[in-house]
Amino acid sequence: MSVGQREDAGMGRPLPANLMLLVFAILRTDNVLSQPVLSGPQREYLAARVTFTCTAPQVPLPAVFELLRDNESQVLAEKSLMRSRPVNFSLPVRDGSAGIYRCRVTPKGGPVPGLPFYSNGLPFQVVIPVRVTSLFPDPNPPTLYEGQMLTLSCRVQRGSHLTYSWLRDGKPLPDSPLPDSPLPDSPLPDSPLGGSLTIGPVTQSHAGNYSCAARNDMTNSHVSHSRDIPVVVRALLSKPHVSFAVTKEGSGYRADVTCHLAKGTPPVQFRLFLNDTEVASRAAPSRSTSFSVSVRLGERLGEVRCGAENTVQRLVSNAVTLEVVPVGGAVHLQVQYLHDAASTVVAVLLRCTLAQGTFPEFAWFLNDTLLGEKGASHLMTDQNGTLLLIPVMAENSGYYHCEAKDSFDDTPWLRSQEHLIHSSAVSRMVTLEVIAVAFGCFLLLAILGSACVALALTNRGASSSSPASGPRPSIFDLLEIPPRPNVSAREEASDRSSPHHTDPNTATAEEQLPV
C-alpha cells in the first residue's frame, strides 16, 4: 500500500487521544474569549420578579441555556435555543434568592458537542421592604436641661438596605439623610434594625418635634416615617436673688421675701433659709415666689437666703440681713455739679441721704412746690432719692429741699435744709481743676520771682539791704469769699407753711465743691 493510500485510509478512523486534547484546549481558549454574558438587576424587592438575560452569540447552536446560582448543581431554569438570540430567565424573588448567578451554555452540535460555556458571575441581593418605623429617645421622656446629650434611635420592624433621614418640626436636619452602619443582606424577620443620631450638648435651639424616615436604598425606594417625638430643652437656673419689702399688717409688720431667678425653665423648687435653717419651701410654676416673715421694727432677725433647685441643680443666693430700720435722724441734701470738657456746668445732681432708714420714701420740692418724678428739666432716679437737673435755667432755679419717711407706714416726713440753685450763679462757677491750675501757675511764678530777688540781693550784699517799711499783703488777702446769705428767716416761714413741717433742729444741709 502506498503512502497516499495509507493516509486516505487513516482519515476514516477516530482521531488519536493527543489530537483530541489539542482540539479541546483550542475550544477552551475560544470559550474564554467569547464566553456568554449574563446581565440583570443586582437588587430586587422580596416577592417581586427578577429577569436575567443570557447572550452567547459565538456559541454553536443548537444549545442548552441554563441559569445557575452559587454552584453548578443548582439549576434554576433551562431553555433550548435553535437560533441566536438572548435568553431571558424570569424568577420570583424569595428569601433565599440572594447569591451569585451564572449562565451555562452547552452546544448540542459543533466540533465538540457537550462542551459547556460559562458566563460571568452576577451578584444578586434580596431587598426587604421597610415597614413600621419607630423613634426612641434617650433619655425617655426626652426632657433635658441645657448641656445634656440627646440620642435618637430610629428602629424598623422589618427592612434591609436602609438609609435614614432626620427631621425637626417637619424640616430635614442639616446632616440628613445619614446612612447607618452596614446591615446584613438577609436580616431575620422583625429584627430591631435601625440608625441613631446623637445631639449635644443641647441648647434650647434643639427643642422641637423630631421624627425619622427609613428608606430602602433603591431607585424605587419604599419609605416609612415614624411619629413625632416632642423634645423639650429646659434652661439652666441662674443664681437666685433674694430681696424683701415690708408691709404693715394690723398693728404689726411683715416682710415679703422674694426669691427671683433671671434665667431658668420652671417649675422650680424654692426654699427659704433663715440663719442657715430652712423655714419654708414651695414649688413655683414661674421663676419667682414670695414668703412672708413677721418682723419688728429695729430688730435684726438674722440673715436670709433663698434656694432654687431642679432635678440637676441646687443653688443658693447671697445672704441679706433681715432687719427693718425706721427712717430717723437728720436728712442731708448733697449737691454735685456736673461739667463738660470745657468745664461748663451742664447739670446738677442732688442726693437726699438719711441717717437711718431701710425703706424710705422721698419727695422733692422747688420753692416748697412738690415735684413730679419726671419734668421738662428734671428727672428722679434711685427710687426718687436722687434728683437730676438738666439743664439749669431760670425756670428751674430756686430753693430745693427733700423730705423722707417710711414707705410702709404713715409716719411724719423729715425735711432737709434748702439749697439755692440759680442759673446765673452756676454759669459763673469755676471748677477745682481750674483753681488748681491757676494756683499752680501763680506758685511757679512766685518761686521764680523769689529766686530772682534772692540773686539780686546777693549781688548787692546782704549788709546794704534795709528792713521793710511794713508787712506785705498775702496772696490769700486778694481772694474775697462772699458770705453765705442768711436764709434762716425764710426757712422758718417756709417750715410753718409746709404740710411736711418737722423740727428744723433735726435736719442739716451739706454741699460738695464742684467736681
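We now turn to the structure provided with this report. (Residues numbered from 1 in each chain as written. Predicted model: local features only at pLDDT ≥ 70, side-chain atom pairs only at ≥ 80, totals over all residues. Heavy atoms only, no water.)

### A look at the overall build of the protein chain
Phase 1: Within the protein chain one finds five helices and 35 strands.
Phase 2: A buried classification covers 37% of the 515 residues belonging to the protein chain.
Phase 3: Across the protein chain, contacts joining residues at least 24 apart in sequence account for 64% of those joining residues at least 6 apart.
Phase 4: Counting every atom, the protein chain has about 29,900 Å² of accessible surface; 56% of that belongs to carbon and sulfur. (Helix = DSSP H or I, 4+ residues; strand = E, 2+ residues; numbered from the N terminus. Buried < 20%, exposed > 50% of the residue type's maximum accessible area, 1.4 Å probe, protein only. Contact = heavy atoms within 4.5 Å. Areas by Shrake-Rupley, 256 points an atom, 1.4 Å probe, with all protein chains shown as cover.)

### Here's the deal with a nonpolar patch on the surface
Phase 1: Where nonpolar side chains cluster on the molecular surface, the patch consists of Leu444, Leu445 and Leu448 and spans about 320 Å² of accessible area.
Phase 2: Within the fold, Leu448 resides in helix 4 (residues 432-460). (Patch = residues over 30% accessible without salt bridge, like charges linked within 9 Å, V, L, I, M, F, W, Y side chains within 5 Å. Salt bridge = Lys/Arg side-chain N within 4 Å of Asp/Glu carboxyl O.)

### Thoughts on unusual backbone geometry
Phase 1: Going from Asn140 to Pro141, the amide bond is cis rather than trans, its omega being 5°.
Phase 2: Along the chain, Pro141 falls in the loop between strand 10 (131-138) and strand 11 (143-145).
Phase 3: Even without a glycine there, the phi angle at Val132 is positive, about 55°.
Phase 4: Position of Val132 among the secondary structure elements: in strand 10.
Phase 5: Its identity is not glycine, yet Asp368 carries a phi of approximately 65°, on the positive side.
Phase 6: Relative to the helices and strands, Asp368 is located in the loop between strand 29 (360-366) and strand 30 (369-370).
Phase 7: On the basis of relative accessibility, which here comes to 28%, the residue Asp368 falls in the partly exposed class.

### Quick notes on the pairing of strand 7 (residues 99-107)
Phase 1: Burial analysis of strand 7 places seven of its nine residues in the buried class, which makes it a mostly covered element.
Phase 2: Relative to strand 7, strand 4 (residues 63-69) is paired through seven bridges, and the arrangement is antiparallel. The residue of strand 7 that forms the bridge with Ala63 is Pro107.
Phase 3: Two elements, strand 7 and strand 9 (residues 122-127), share three bridges in a ladder whose sense is antiparallel. In the strand pairing of strand 9, Tyr101 is matched with Leu122. (Pairing = 2+ DSSP bridges.)

### Brief notes about the packing of aromatic side chains
Aromatic ring pairs are reported here in terms of the distance separating the ring centres and the angle at which the planes meet.
Phase 1: Applying the stated criterion to the full structure yields five aromatic pairs.
Phase 2: Among the aromatic residues, those joined into a ring-pair cluster are Phe52, Tyr101 and Phe124.
Phase 3: The ring of Phe89 has Lys79 sitting right over it, with the charged end atom 6.0 Å from the ring centre.
Phase 4: Stacked on the ring of Trp413, the Lys or Arg Lys405 has its end atom at 5.7 Å from the ring centre. (Phe/Tyr/Trp six-rings, centres within 6.5 Å; stacked < 30°, edge-to-face > 60°. Lys NZ or Arg CZ within 6 Å of the ring centre and 35° of its normal.)

### Regarding the state of the cysteines
Phase 1: Applying the stated criterion across every chain, the model contains four disulfides.
Phase 2: In this model, Cys154 is linked to Cys212 through a disulfide, with the two sulfur atoms separated by 2.0 Å. An S-S torsion of about 75° defines the bridge between Cys154 and Cys212 as right-handed. Placement of the pair is Cys154 in strand 12 (residues 150-158) and Cys212 in strand 16 (residues 208-216), with a sequence separation of 58 residues.
Phase 3: Classification of Cys154 as buried rests on a relative accessible area of 0%.
Phase 4: When its relative accessible area of 0% is taken as the criterion, Cys212 is described as buried.
Phase 5: Two residues share a disulfide in this structure: Cys259 and Cys306, whose sulfurs sit 2.0 Å from each other. (Disulfide = S-S within 2.5 Å.)

### A closer look at the environment of Val316
Phase 1: Within the secondary structure layout, Val316 lies in strand 25 (residues 314-316).
Phase 2: In this structure Val316 comes out as partly exposed when scored by relative accessible area, which is 41%.
Phase 3: Taking the C-alpha atoms as reference points, Val316 and Phe273, 43 residues apart in sequence, are found 9.3 Å from one another.
Phase 4: With residues up to four places along the chain from it excluded, the contact list for Val316 reads Lys239, Pro240, Arg305, Cys306 and Gly307.

### A few points about the sheet that holds strand 23 (residues 288-295)
Phase 1: Pairing is antiparallel across the open sheet formed by three strands, whose spatial order is 19-20-23. If you trace the sheet from one side to the other, it starts and ends with strand 19 (241-249) and strand 23, each paired once. Direction aside, the axes of adjacent strands within the sheet are offset by 25° on average.
Phase 2: Relative to strand 23, strand 20 (residues 252-260) runs antiparallel, the two being bridged by eight bridges. (Axes fitted to C-alpha atoms, helices over the stretch in contact; angles between N-to-C directions.)

### Considering the sheet that holds strand 1 (residues 37-39)
Phase 1: Taken in spatial order, the three strands line up as 1-3-6 in an open sheet, and their pairing is antiparallel. Each having just a single partner strand, strand 1 and strand 6 (87-92) make up the two edges of the open sheet. Geometrically, the sheet is characterised by an average inter-axis angle of 20° between neighbouring strands, direction not taken into account.

### Looking at the nonpolar core
One recurring pattern in soluble globular proteins is that nonpolar side chains are buried together.
Phase 1: Formed by 23 residues in total, the largest nonpolar core has its most connected members in Phe244, Val246, Val257, Phe270, Leu322 and Val324.
Phase 2: Only strand 19, strand 20, strand 21 (268-274), strand 23 and strand 24 (300-309) provide two or more residues apiece to this core.
Phase 3: It is strand 20 that contributes the most residues to this core, four residues altogether.
Phase 4: Beyond its immediate sequence surroundings of up to four residues, Val246 is in contact with Tyr253, Arg254, Val324, Phe359 and Phe408. (Core = buried A, V, L, I, M, F, W, Y, C linked by side-chain atoms within 4.5 Å.)

### Here's the deal with the side chain of Ser119
Phase 1: Secondary-structure assignment places Ser119 in the loop between strand 8 (117-118) and strand 9.
Phase 2: On the basis of relative accessibility, which here comes to 6%, the residue Ser119 falls in the buried class.
Phase 3: A polar contact of 2.7 Å, which involves the side chain of Ser119, links it to the backbone nitrogen of Cys103.
Phase 4: Excluding its chain neighbours within four sequence positions, the residues that come into contact with Ser119 are Gln35, Pro36, Val37, Leu38, Arg102 and Cys103. (Polar contact = N/O pair within 3.5 Å; in protein donor to acceptor, adjacent residues only side chain to side chain.)

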